[in-house]
Structures are given as structure tokens and as C-alpha cells.
Amino acid sequence: LLINLSMFFAKKVYPLKYSESIFYYSNKNNLDPYLVASIIKTESNCNPNAVSNKNATGLMQITPETGKWIAEQMKINDFSVERLHEPELNISMGCWYLDNLRIEFKDIELVIAAYNAGRGNVQKWLKNSEHSKDGQNLHNIPFEETDKYVKKVKVNYKIYKFLYDR
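In this text, all values refer to a predicted model and were calculated from it rather than measured experimentally.

An α-helix turns once per 3.6 residues; consequently, residues spaced three or four apart project the same way. The terminal C-alpha atoms of helix 3 (residues 33-44) lie 16 Å apart, and with 12 residues this matches the ideal 16 Å at 1.5 Å per residue to within 8%. Burial runs high along helix 3: 11 of the 12 residues are buried. Regarding helix 3, the residues found buried are Pro33, Tyr34, Leu35, Val36, Ala37, Ser38, Ile39, Ile40, Lys41, Thr42 and Ser44. Where helix 3 is buried, its residues touch helix 1 (2-13), helix 2 (19-28), helix 5 (87-105), helix 6 (108-117) and helix 8 (144-164). Measuring from the backbone nitrogen of Tyr34 back to the side-chain oxygen at the start of helix 3 gives 2.8 Å, which picks out Asp32 as the cap. Downstream of helix 3 by a residue or two, Asn45 has a phi angle that is positive, lying close to 50°.

Okay, structure coming up:
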């Protein structure tokens, strides 16, 4: 009973809201749905109306600039920044973008870092021996925010996997 109760409360703190969209678009983009859920949890705490101080919007906190670029790449003709508040569209665009980063960086830690700091920063860090010993992995993420972000996503991922992957 105690275990069931703790699982119940853990799932309240780590909800799998929008699971249908998460699983659909994760599958479509060759992503782990629990990674997507953990990014949503980290980015917006599952709030589709979230807006950051950098104007990143929606569940997966997509900036207007990145949103416009993704919409062009995905050939979404009726895109507007306001639509980033729509959970399904936001998840579909966020998953497409994660897959796009995965194709470039392969390693999931680099993908998570690039999702937060931008692909240009990660490319720069990989070329710098202070941050990457082999040009393939980061042993030091120079942005404290990104370093914390990657760690938080990885913890959230383990929790989502534990709670829902049964």
C-alpha cells in the first residue's frame, strides 16, 4: 500500500500529460518518449502556457525564432508564434527539432545541451579542448545553466522511466 501511495504521489509530481502526443511524435521522430517527457517537465513543468524571459513558449519552450525555422523545415504553412501554446503542435515541433539535433550530434547528452544552449554553442565547445578532449563529447559545459539543465533532464528521465516504463 505504501509503495502504491508513493507511486501515486510521484506521478502527481511527474505527470505524463499529453502522453498520446508525446508517444506519437517521439515514435515518428525516433525519440525515447520518456526523454521528451523529461524535457517537457524541465522546460515548462508541463504548462502549455509557459513563456520564458527569452520568450520561449509552450510545453517544450520553443523560441519564436526557432519556431519559425522549424515551421519552415516542417512545411507548416499556418504557423504563428501564438500557436506554440498548442500542446500538440509544440510537441510535434519540439520532437522534430530534437531529432534534427540527434542527427547532427548523435550523443543524447549533446542533443540535450544543444536543445538548451543552441547547436552553435555545442559545435564551438566540441572544437575547444577546454570543453572537449576528443571533439565528440563534452567533459565541461561552460554555461552553468546548460550544465544544470542537462543534469536535470537526465534525472527527470530516470524518474519518468521508473514511473511509467513498466
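Per the counting criterion, the structure on display carries 9 aromatic pairs. Their ring planes at 90° and their centres at 4.8 Å tell us that Tyr24 and Tyr25 sit as a pair that is edge-to-face. Through a chain of ring-to-ring contacts, the aromatic side chains of Trp69, Trp96, Tyr97 and Tyr115 assemble into a single cluster. The aromatic ring of Tyr14 is capped on one face by Lys41, whose charged end is 4.9 Å from the ring centroid.

Before going further, it helps to examine the side chain of Thr57. You can see Thr57 is positioned in the loop between helix 3 and helix 4 (64-74). With residues near it in sequence (within four places) discarded, Thr57 still touches Ala50, Val51, Ile62, Leu84, His85 and Asn90.

All right, on to the pattern of salt bridges then. For the structure shown, the criterion picks out 10 salt bridges. We note a salt bridge from Glu145 to Lys54, for which the minimum N-O separation is 3.8 Å. With Glu145 in helix 8 and Lys54 in the loop between helix 3 and helix 4, the pair connects residues that are 91 residues apart, well separated along the chain. Residue class for Glu145 comes out partly exposed when judged on its relative accessible area of 49%. The class for Lys54 is exposed, based on a relative accessible area of 59%. A salt bridge links Asp147 to Lys151; its shortest N-O distance comes to 2.8 Å. With a gap of 4 residues between them, Asp147 and Lys151 both fall in helix 8, about one helical turn apart. Asp147 sits in the partly exposed class, given a relative accessible area of 24%. Where salt bridges share partners, they join Asp32, Lys161 and Asp165 into one cluster.

Contact pair helix 6 / helix 7 (residues 119-127): the axes reach a minimum separation of 7 Å and the direction vectors enclose 130°. Taken as axis vectors, helix 6 and helix 7 run oblique relative to one another. When helix 6 is examined against helix 7, the residues Leu110, Ala113, Ala114 and Ala117 are found in contact with a partner set consisting of Arg119, Asn121, Val122, Trp125 and Leu126.

Below, the discussion takes up the environment of Lys106. Tracing the sequence through the fold places Lys106 in the loop between helix 5 and helix 6. Take Lys106: its relative accessible area is 62%, and that puts it in the exposed class. In sequence terms Lys106 and Gln136 are 30 residues apart; their C-alpha atoms lie 9.4 Å from each other.

Definitions and cut-offs
- Residues numbered from 1 in each chain as written.
- Predicted model: local features only at pLDDT ≥ 70, side-chain atom pairs only at ≥ 80, totals over all residues.
- Heavy atoms only, no water.
- Helix = DSSP H or I, 4+ residues; strand = E, 2+ residues; numbered from the N terminus.
- Expected span 1.5 Å × (residues − 1).
- Buried < 20%, exposed > 50% of the residue type's maximum accessible area, 1.4 Å probe, protein only.
- Contact = heavy atoms within 4.5 Å.
- Polar contact = N/O pair within 3.5 Å; in protein donor to acceptor, adjacent residues only side chain to side chain.
- Phe/Tyr/Trp six-rings, centres within 6.5 Å; stacked < 30°, edge-to-face > 60°.
- Lys NZ or Arg CZ within 6 Å of the ring centre and 35° of its normal.
- Salt bridge = Lys/Arg side-chain N within 4 Å of Asp/Glu carboxyl O.
- Axes fitted to C-alpha atoms, helices over the stretch in contact; angles between N-to-C directions.
- Parallel < 35°, antiparallel > 145°, perpendicular 65-115°, else oblique.

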